[in-house]
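# Working through the structure, step by step
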Amino acid sequence: KFRLFVLLRPGTPSDVLPVSATCDMCAVNFTVTEHGLRDQLLARVVRLERPDLEARMTSLVADMNQMTVDLRACEARLLRDLSEAT
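Residues numbered from 1 in each chain as written. Predicted model: local features only at pLDDT ≥ 70, side-chain atom pairs only at ≥ 80, totals over all residues. Heavy atoms only, no water.

If you tally the helices and strands in the protein chain, you get three helices and zero strands. Counting from the amino terminus, helix and strand elements in the protein chain follow one another as α-α-α. The burial tally for the protein chain puts 3% of its 86 residues in the buried class. Summed over its atoms, the accessible surface of the protein chain is roughly 8,200 Å², and 62% of this surface lies on carbon and sulfur atoms. (Helix = DSSP H or I, 4+ residues; strand = E, 2+ residues; numbered from the N terminus. Buried < 20%, exposed > 50% of the residue type's maximum accessible area, 1.4 Å probe, protein only. Areas by Shrake-Rupley, 256 points an atom, 1.4 Å probe, with all protein chains shown as cover.)

Quick look at the structure:
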């Protein structure tokens, strides 16, 4: 039997819920900042209005992630070479 409890006030769940419910629960923080909400809404608008920009952004993010991986590998190789040289 599935039950969903939504708590809107801070505090420990054991203060409000029965003990049997607190055994198998997962707390999720749905705190949203104004900046985060604005970013989410802007992303939705861009996805609907300009899917080409969304695809370009996704490609750029993937490229940035790959470059970060490559940078870490270069740093590790450089440190290894420096430690072996001395």
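So much for the structure itself; the text now carries on.
Turning our eyes to something else, we now look at the packing of helix H2 (residues 34-49) against helix H3 (residues 51-85). Running from N to C, H2 and H3 point in directions that differ by 120°, and their axes come no closer than 5 Å. Between H2 and H3, the angle is such that the two are oblique. Contacts between H2 and H3 involve Ala-43, Val-46, Arg-47, Leu-48 and Glu-49 on the former and, on the latter, Pro-51, Leu-53 and Glu-54. Taken together, the residues that form the contact of H2 with H3 break down as five nonpolar, no polar and three charged. (Axes fitted to C-alpha atoms, helices over the stretch in contact; angles between N-to-C directions. Parallel < 35°, antiparallel > 145°, perpendicular 65-115°, else oblique. Contact = heavy atoms within 4.5 Å. Nonpolar A, V, L, I, M, F, W, Y, C, P; charged D, E, K, R; others polar.)

Averaged over the protein chain, the pLDDT score is 82; the fraction of residues at 70 or greater is 70%. Per-residue pLDDT, averaged within each element of the protein chain, yields its smallest value for helix H1 (residues 19-23) (61) and its largest for H3 (95). (pLDDT = per-residue confidence, 0-100.)

With that settled, consider a nonpolar patch on the surface. A contiguous nonpolar surface patch, about 270 Å² in accessible area, is contributed by Val-32, Leu-37 and Leu-41. Within the fold, Val-32 resides in the loop between H1 and H2. (Patch = residues over 30% accessible without salt bridge, like charges linked within 9 Å, V, L, I, M, F, W, Y side chains within 5 Å. Salt bridge = Lys/Arg side-chain N within 4 Å of Asp/Glu carboxyl O.)

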